[in-house]
Amino acid sequence: HQDLDPGLQKKCLEFCDFASGEYAMLVDRVLVGEGKPQRYGTQLKKNNKGEMVFSDIENPKRVDALRKEMGLEPLKAYLAKAKGLASQHKEQKRR
(Lines give C-alpha, C1' and ligand atoms only; values in the text may rest on other atoms or scores of the structure.)
Protein backbone atom coordinates (compact mmCIF):
# COMPACT_ATOMS: atom_id res chain seq x y z
CA HIS A 1 0.00 0.00 0.00
CA GLN A 2 3.04 2.25 0.21
CA ASP A 3 1.79 4.00 3.36
CA LEU A 4 5.36 4.87 4.23
CA ASP A 5 5.74 6.82 0.98
CA PRO A 6 2.88 9.34 0.76
CA GLY A 7 4.73 11.24 -1.97
CA LEU A 8 4.61 8.17 -4.19
CA GLN A 9 0.91 7.74 -3.43
CA LYS A 10 0.21 11.32 -4.52
CA LYS A 11 2.23 10.85 -7.71
CA CYS A 12 0.24 7.71 -8.47
CA LEU A 13 -3.01 9.65 -8.13
CA GLU A 14 -1.73 12.10 -10.72
CA PHE A 15 0.07 9.82 -13.15
CA CYS A 16 -1.15 6.24 -12.73
CA ASP A 17 -4.17 4.65 -14.36
CA PHE A 18 -6.59 2.98 -11.95
CA ALA A 19 -10.05 1.49 -12.00
CA SER A 20 -12.40 3.97 -10.36
CA GLY A 21 -12.78 1.97 -7.12
CA GLU A 22 -9.02 1.64 -6.73
CA TYR A 23 -8.63 5.36 -7.38
CA ALA A 24 -11.20 6.13 -4.67
CA MET A 25 -9.32 3.92 -2.20
CA LEU A 26 -6.03 5.65 -2.90
CA VAL A 27 -7.60 9.13 -2.65
CA ASP A 28 -8.93 8.20 0.78
CA ARG A 29 -5.66 6.62 1.87
CA VAL A 30 -3.77 9.81 0.97
CA LEU A 31 -6.33 12.05 2.68
CA VAL A 32 -6.36 9.97 5.87
CA GLY A 33 -2.56 9.82 5.82
CA GLU A 34 -2.55 13.62 5.76
CA GLY A 35 -4.89 13.74 8.74
CA LYS A 36 -7.84 14.86 6.60
CA PRO A 37 -11.33 13.36 6.31
CA GLN A 38 -11.71 10.78 3.56
CA ARG A 39 -14.00 11.33 0.59
CA TYR A 40 -15.27 7.86 -0.34
CA GLY A 41 -15.37 6.03 2.99
CA THR A 42 -12.89 3.30 2.10
CA GLN A 43 -10.59 3.60 5.11
CA LEU A 44 -11.43 1.88 8.37
CA LYS A 45 -9.74 1.81 11.74
CA LYS A 46 -10.33 0.20 15.11
CA ASN A 47 -11.89 2.36 17.79
CA ASN A 48 -10.95 2.16 21.48
CA LYS A 49 -13.27 -0.86 21.86
CA GLY A 50 -11.49 -2.70 19.05
CA GLU A 51 -14.45 -2.28 16.68
CA MET A 52 -14.03 -1.47 12.99
CA VAL A 53 -15.22 2.08 12.25
CA PHE A 54 -14.74 4.51 9.39
CA SER A 55 -12.05 7.15 9.58
CA ASP A 56 -13.64 10.62 9.40
CA ILE A 57 -15.61 11.24 6.20
CA GLU A 58 -15.81 14.64 4.44
CA ASN A 59 -19.50 14.53 3.62
CA PRO A 60 -21.32 11.63 5.28
CA LYS A 61 -24.66 12.60 3.71
CA ARG A 62 -23.24 12.37 0.19
CA VAL A 63 -20.71 9.57 0.58
CA ASP A 64 -22.93 6.76 -0.73
CA ALA A 65 -23.65 8.77 -3.90
CA LEU A 66 -19.92 9.35 -4.38
CA ARG A 67 -19.24 5.65 -3.77
CA LYS A 68 -21.83 4.70 -6.37
CA GLU A 69 -20.18 7.01 -8.93
CA MET A 70 -16.92 5.13 -8.32
CA GLY A 71 -18.52 1.68 -8.58
CA LEU A 72 -18.34 1.00 -4.85
CA GLU A 73 -21.02 -0.59 -2.68
CA PRO A 74 -22.87 1.45 0.00
CA LEU A 75 -21.09 2.13 3.29
CA LYS A 76 -23.26 -0.26 5.30
CA ALA A 77 -22.44 -3.18 3.02
CA TYR A 78 -18.74 -2.30 2.97
CA LEU A 79 -18.59 -2.06 6.77
CA ALA A 80 -20.41 -5.39 7.17
CA LYS A 81 -17.87 -7.08 4.87
CA ALA A 82 -14.95 -5.47 6.69
CA LYS A 83 -16.29 -6.58 10.06
CA GLY A 84 -16.78 -10.09 8.70
CA LEU A 85 -13.20 -10.23 7.44
CA ALA A 86 -11.88 -8.88 10.74
CA SER A 87 -13.86 -11.51 12.60
CA GLN A 88 -12.50 -14.29 10.37
CA HIS A 89 -8.96 -13.01 10.88
CA LYS A 90 -9.47 -12.94 14.64
CA GLU A 91 -10.75 -16.53 14.58
CA GLN A 92 -7.75 -17.71 12.54
CA LYS A 93 -5.38 -16.11 15.05
CA ARG A 94 -7.03 -18.04 17.89
CA ARG A 95 -6.31 -21.38 16.20
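Since the model is a prediction, treat every value here as computed from it, not as a measurement.

Rules used in this analysis
- Residues numbered from 1 in each chain as written.
- Predicted model: local features only at pLDDT ≥ 70, side-chain atom pairs only at ≥ 80, totals over all residues.
- Heavy atoms only, no water.
- Helix = DSSP H or I, 4+ residues; strand = E, 2+ residues; numbered from the N terminus.
- Buried < 20%, exposed > 50% of the residue type's maximum accessible area, 1.4 Å probe, protein only.
- Contact = heavy atoms within 4.5 Å.
- Areas by Shrake-Rupley, 256 points an atom, 1.4 Å probe, with all protein chains shown as cover.
- Phe/Tyr/Trp six-rings, centres within 6.5 Å; stacked < 30°, edge-to-face > 60°.
- Polar contact = N/O pair within 3.5 Å; in protein donor to acceptor, adjacent residues only side chain to side chain.
- Expected span 1.5 Å × (residues − 1).
- Salt bridge = Lys/Arg side-chain N within 4 Å of Asp/Glu carboxyl O.

Caption draft 1: Fine view of the overall build of the chain. Looking only at helices and strands, one finds 4 helices and 2 strands in the chain. Along the chain, from the amino end to the carboxyl end, the secondary structure elements read α-α-β-β-α-α. Considering the chain as a whole, with its 95 residues, one finds that 28% of them fall into the buried category. Within the chain, contacts between residues separated by at least 24 positions form 31% of all contacts whose residues are at least 6 apart in sequence. When the accessible area of the chain is evaluated, it comes to approximately 7000 Å², of which 52% is carbon and sulfur surface.

Caption draft 2: Just the packing of aromatic side chains, in detail. According to the stated counting rule, one finds 1 aromatic pair in the structure shown. On the basis of an interplanar angle of 20 degrees and a centroid distance of 6.3 Å, the ring pair of Phe 54 and Tyr 78 is categorised as stacked. Residue Phe 54 is found in strand β2 (residues 52-54), and its partner Tyr 78 is found in helix α4 (residues 75-94); the two are separated by 24 residues along the sequence. Owing to a relative accessible area of 18%, Phe 54 belongs among the buried residues under this scheme.

Caption draft 3: Spotlight on the side chain of Gln 38. Looking at the secondary structure, you find Gln 38 in the loop between α2 (20-33) and β1 (44-46). Assessed through its relative accessible area of 0%, Gln 38 is described here as buried. A polar atom in the side chain of Gln 38 sits 2.9 Å from the backbone oxygen of Ser 55.

Caption draft 4: Local environment of α2. Between its first and last C-alpha, α2 extends 20 Å over 14 residues, near the 20 Å set by a 1.5 Å rise per residue. At the C-terminal side of α2, Gly 35 shows a positive phi close to 80 degrees.

Caption draft 5: Representation of the pattern of salt bridges in the model. With the rule as written, the count across this model stands at 5 salt bridges. The shortest N-O distance in the salt bridge between Glu 69 and Arg 62 comes to 3.8 Å. A salt bridge links Glu 73 to Lys 81, with the shortest nitrogen-to-oxygen separation between them at 3.3 Å. The structure contains a network of salt bridges with shared partners spanning Lys 10, Glu 34 and Lys 36.

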